Amino acid sequence: MSFALYLIGLLLLVAGIAWGLSTAGLAPVYIGIASIIVLGIGVMTAVSRTRAKDPPA
């Protein structure tokens, strides 16, 4: 469940960044590139923070 909440927050963040860059007049290509980079970093962070810890051997 926390992974889903993390992704929802990430999507809101990316939408806000894309809207801000669009308002600033940046080209759509650069908005797409920035969005993909932020999504990639966010998914990697979400997976690393929400995965189950391995039990000690």
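In this text the structure is predicted, and so the values were computed from the model without any measurement.

Our focus in this paragraph is the overall build of the protein. Scanning the protein for helices and strands turns up two helices and zero strands. Across its three principal directions, the C-alpha atoms of the protein cover 55 × 20 × 10 Å. Counting the 57 residues in the protein, one finds 12% classified as buried. Of the roughly 4,400 Å² that the protein leaves accessible, carbon and sulfur atoms contribute 76%.

With 22 residues, helix H1 (residues 2–23) extends 32 Å from end C-alpha to end C-alpha; this agrees with the ideal 32 Å at 1.5 Å per step. When H1 is considered as a whole, its buried residues turn out to be Leu10, Val14 and Ala18. Down the axis of H1, the buried side of the element spans an arc of 70 degrees, and every buried residue falls inside it. Those residues of H1 that are exposed and angled more than 90 degrees off the buried face are Leu5, Leu12, Trp19 and Thr23. Those residues of H1 that are buried are in contact with helix H2 (28–50).

Relative to each other, H1 and H2 sit at 160 degrees, their axes nearing to 10 Å. By the angle class used here, H1 and H2 are roughly antiparallel. Once H1 is placed against H2, the crossing between them reads as right-handed. Between H1 and H2, the contacting residues are Ser2, Phe3, Tyr6, Leu7, Leu10, Leu11, Leu13, Val14, Ile17, Ala18, Leu21 and Ser22 on the first element and Ile31, Ala34, Ser35, Val38, Leu39, Gly42, Val43, Thr45, Ala46, Val47, Arg49 and Thr50 on the second.

Moving on to the environment of leucine 11. Structurally, leucine 11 can be placed in helix H1. Given the relative accessible area of 53%, leucine 11 is considered exposed. As for leucine 11 and serine 35, which are separated by 24 residues in sequence, their C-alpha atoms are 9.6 Å apart.

All right, on to H2 then. Across its 23 residues, H2 extends 32 Å between first and last C-alpha, which sits within 8% of the 33 Å expected from 1.5 Å per residue. Those residues of H2 that sit buried are Ile31, Ser35, Gly42 and Ala46. Tucked into the core, H2 has its buried residues touching H1.

Quick notes on the rules
- Residues numbered from 1 in each chain as written.
- Predicted model: local features only at pLDDT ≥ 70, side-chain atom pairs only at ≥ 80, totals over all residues.
- Heavy atoms only, no water.
- Helix = DSSP H or I, 4+ residues; strand = E, 2+ residues; numbered from the N terminus.
- Buried < 20%, exposed > 50% of the residue type's maximum accessible area, 1.4 Å probe, protein only.
- Areas by Shrake-Rupley, 256 points an atom, 1.4 Å probe, with all protein chains shown as cover.
- Expected span 1.5 Å × (residues − 1).
- Arc of directions from axis to C-beta.
- Contact = heavy atoms within 4.5 Å.
- Axes fitted to C-alpha atoms, helices over the stretch in contact; angles between N-to-C directions.
- Parallel < 35°, antiparallel > 145°, perpendicular 65-115°, else oblique.
- Left-handed = near helix turned anticlockwise from the far one by under 90°.

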